[in-house]
Amino acid sequence: MIDVSGLKFRYPGSDADVVKGIDFSVSRGEIFGFLGPSGAGKSTTQKILIKILSGYGGSIKVEGNELSSLDSGYFEKIGVAFEFPNLYSKFTAVENLNFFSSLYSAKCTDPQKLLEMLGLEKDGGTFVSAYSKGMKMRLNFLRAIMHNPEILFLDEPTSGLDPANARKMKDIIKMKKGEGKTIFLTTHDMHTAEELCDRVAFIVDGSISLIDSPRNLKIKKGKKAVKVEYVEENILKSDSFPLDDINENKRFQDILKTGSVETIHTMESTLEDIFIETTGRRLL
């Protein structure tokens with residue numbers, strides 16, 4: 001769906017590229033995570049992909065067509081939810097959705113049905129100026145999907161959401177993937193990326209250092225071992241055991257037989273651990 005080759009970008013007046021010749025591709029129906037700390041080049045790359053920024057170097061192809069050659073019909077095919085919601089504060093939620101739906105040639109989802117998806121059905125007549133940040137984030141996301149776009153660009157989609165609404169948001173994102181939509185997700189939240197993304201790219205200082213699936217990364221970088229917490233003589237203890245031939249490990253078997261096991265966990269690295277190891281940077 002998206003093929004990026006040698007992408008470079010420099011802001012006017014700057015003497016250095018903020019995006020430094022990156023390469024990546026996103027398959028149709030894939031959730032692709034673009035992960036990095038603030039200032040890494042994530043948002044700049046996304047702004048180029050949605051045609052807010054022009055004058056880039058390299059090549060960007062969407063469904064085989066160079067991005068720079070696409071006309072305004074491209075905006076009918078994409079949905080965008082920025083990290084900072086861009087809504088009309090003096091309009092109600094329904095008025096916002098009705099206004100934005102008027103900009104598309106395709107039939108959009110009924111506003112009330114959209115609001116019900118993220119628990120805003122009772123707040124449709126409320127002015128957006130009275131919305132909390134989390135409510136604005138939810139409405140902003142609904143605006144992005146209202147015209148059933150083929151490609152979704154999501155920037156920190158769960159930022160400011162409580163756990164229940166973050167779960168609803170993630171479920172809708174997964175549903176859109178199930179419908180065959182392509183999703184480009186920029187975030188510094190490794191838990192969200194690990195849960196949602198088919199593949200992730202690590203970007204720091206405008207360069208991509210690694211692209212792979214979260215599962216592959218955790219298997220490659222993690223320890224092939226399990227950690228067991230157990231109670232012995234009324235004391236909580238822990239031991240780790242290599243997975244190789246664990247079924248023949250007498251100490252492991254003895255602990256299991258005592259019935260005193262509290263927890264058993266594999267010892268794979270977290271996505272954040274791998275990011276720090278790979279890039280030498282934290283996600284701040």
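Here, every reference points to the structure presented above.
Because the structure is a prediction, the values reported are computed rather than measured.

Visitor: Looking at this structure, I do not really get the pattern of salt bridges. What am I missing?
Guide: Side chains that differ in charge, positive against negative, can pair when their charged atoms come close. Here the structure, examined in full by the defined rule, presents 17 salt bridges. Here glutamate 195 and arginine 167 are joined by a salt bridge, their closest N and O atoms 2.2 Å apart. Linking glutamate 195 in helix H7 (residues 190-196) with arginine 167 in helix H6 (residues 163-178), this pair joins segments that are 28 residues apart in sequence. For arginine 251, the salt bridge identified is with aspartate 239, shortest N-O distance 4.0 Å. Taken together, the residues span a long stretch of sequence, with arginine 251 in helix H9 (residues 250-258) and aspartate 239 in strand S12 (residues 235-242) at a distance of 12 residues. For arginine 251, a relative accessible area of 37% puts it in the partly exposed group. Using a relative accessible area of 28% as the deciding quantity, one classes aspartate 239 as partly exposed. Connected through shared salt-bridge partners, Arg167, Lys170, Asp171, Lys174 and Glu195 make up one network.

Visitor: When you look at unusual backbone geometry in this model, what are you seeing that I'm missing?
Guide: One can expect most non-glycine residues to show negative phi and most peptide bonds to be in trans. Here glutamate 63, not a glycine, exhibits a phi torsion of approximately 50°, which is positive. Mapping glutamate 63 onto the fold places it in the loop between strand S4 (57-62) and strand S5 (65-66). With a phi angle near 55°, asparagine 148 is a residue other than glycine that sits in the positive phi range. Structurally, asparagine 148 is set in the loop between helix H5 (133-145) and strand S7 (151-155).

Visitor: Looking at this structure, I do not really get the pairing of S12. What am I missing?
Guide: For a regular strand, side chains alternate in direction, first toward one face of the sheet and then toward the other. As judged from the eight bridges shared by strand S11 (residues 223-232) and S12, these two strands associate in the antiparallel manner. Pairing of valine 226 across the sheet is with phenylalanine 241, part of S12. Where S11 folds back onto S12 in an antiparallel hairpin, the turn is made up of two residues, including glutamate 233, whose phi is positive at roughly 55°.

Visitor: For this particular structure, what's the right way to read the environment of serine 159?
Guide: Structurally, the position occupied by serine 159 is in the loop between S7 and H6. Note on serine 159: relative accessible area 18%, which makes it buried. Here the alpha-carbon distance between serine 159 and methionine 137, two residues 22 residues apart in the chain, equals 7.6 Å. With residues up to four places along the chain from it excluded, the contact list for serine 159 reads Glu83, Lys133 and Met137. At 3.4 Å, the side chain of serine 159 forms a polar contact with the side chain of lysine 133.

The rules behind each value
- Residues numbered from 1 in each chain as written.
- Predicted model: local features only at pLDDT ≥ 70, side-chain atom pairs only at ≥ 80, totals over all residues.
- Heavy atoms only, no water.
- Salt bridge = Lys/Arg side-chain N within 4 Å of Asp/Glu carboxyl O.
- Helix = DSSP H or I, 4+ residues; strand = E, 2+ residues; numbered from the N terminus.
- Buried < 20%, exposed > 50% of the residue type's maximum accessible area, 1.4 Å probe, protein only.
- Pairing = 2+ DSSP bridges.
- Contact = heavy atoms within 4.5 Å.
- Polar contact = N/O pair within 3.5 Å; in protein donor to acceptor, adjacent residues only side chain to side chain.

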